[in-house]
Amino acid sequence: MHSADTPDSTLPSPPSEPWFFKSRSRLLIALVLALALPMGLLWALVQTRGRAWLEERAIYQNTLTARLMSRAFENQFRGLTRYVHIFSIRQPLVDAVISDDPQAVRQYLQEMVQFNKDITRVFVATPQGVEVFDYPLDQESIGGDFSHRDWFQGLKRTGQPYVSDVYMRFAKPQVPIVAVGAPLRRGEEVVGYVIAQY
């Protein structure tokens, strides 16, 4: 028989106090770890997901911008092509080229440049690709054989208004340009080409 004063050996001993309750600093460390670890994981997840979202968004925006710029350039060159074509079918210009009248031809070329701010230079080439008239005048270019240029090859091949690849202009200032050209015709015969440089 046991007395009330003797402890019962069959009773479990009270649980020991957890290590983090033994001092305030340990408790503080435990709380910081308990909060910091999930917050750190959450922060890493947000950073990873956020970066991926931002990259996707940037790609989308860049693609959209590229498409819009492409359409704008297509519209720009479509308009320039129509503009050059309209000048190429003007009978007085064709007649001036056929009659080899530099003053009359240059007057029409000057109008092309003055009425369209995107055009910096215009010239007329023979059916063989030799420059014969230009505006503004560049004596070094007159008589130059440009049959190797993309604009000439495209015009000769298609017989239609043509937009060239980018190339370096021969006349000064020598800068990268695009040429928009159209054939000058008397009936079905091509008597030359009018080329506007953009």
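Because the structure is predicted, anything quoted here is derived from the model rather than measured.

Draft legend 1. View of the pairing of strand β1 (residues 121-125). With 5 of its 5 residues buried, β1 lies for the most part within the structure. Of the two faces of β1, the one carrying R121, F123 and A125 and the one carrying V122 and V124 are both buried. Inspection of the sheet shows β1 paired to strand β7 (residues 189-197) by 5 bridges, in the antiparallel sense. Each bridged residue has a counterpart across the sheet, and for V124 the counterpart in β7 is V194.

Draft legend 2. View of the pairing of strand β2 (residues 131-135). Pairing between β1 and β2: 4 bridges, direction antiparallel. Paired with A125 across the strands is E131, a residue of β2. A loop of 5 residues connects β1 with β2, the two strands running antiparallel in sequence, and G129 in this loop sits at a positive phi of about 95°.

Draft legend 3. Broad picture of the nonpolar core. Membership of the largest hydrophobic core comes to 26 residues, with the highest contact counts inside it found for V105, L109, M112, V122, V124, L184 and V194. Elements that contribute at least two residues to this core include exactly α1 (24-88), α2 (91-98), α3 (102-114), β1, β6 (179-186) and β7. Of all the elements, α3 adds the most residues to this core, at 6 residues. Beyond its immediate sequence surroundings of up to four residues, L109 is in contact with V122, F123, V124, F133, D134, Y135 and V194. Ranked by size, the runner-up nonpolar core spans 12 residues in total, among them L155, Y162, I177 and I195.

Draft legend 4. Region of the structure containing the side chain of S88. Counting through the fold element by element, S88 comes out in helix α1. Within the structure, the side chain of S88 is placed 2.7 Å from the backbone oxygen of H85, a separation counted as a polar contact. The contacts of S88, once residues within four sequence positions are left out, are V94, A182, P183, L184 and V194.

Calculation rules
- Residues numbered from 1 in each chain as written.
- Predicted model: local features only at pLDDT ≥ 70, side-chain atom pairs only at ≥ 80, totals over all residues.
- Heavy atoms only, no water.
- Buried < 20%, exposed > 50% of the residue type's maximum accessible area, 1.4 Å probe, protein only.
- Helix = DSSP H or I, 4+ residues; strand = E, 2+ residues; numbered from the N terminus.
- Pairing = 2+ DSSP bridges.
- Core = buried A, V, L, I, M, F, W, Y, C linked by side-chain atoms within 4.5 Å.
- Contact = heavy atoms within 4.5 Å.
- Polar contact = N/O pair within 3.5 Å; in protein donor to acceptor, adjacent residues only side chain to side chain.

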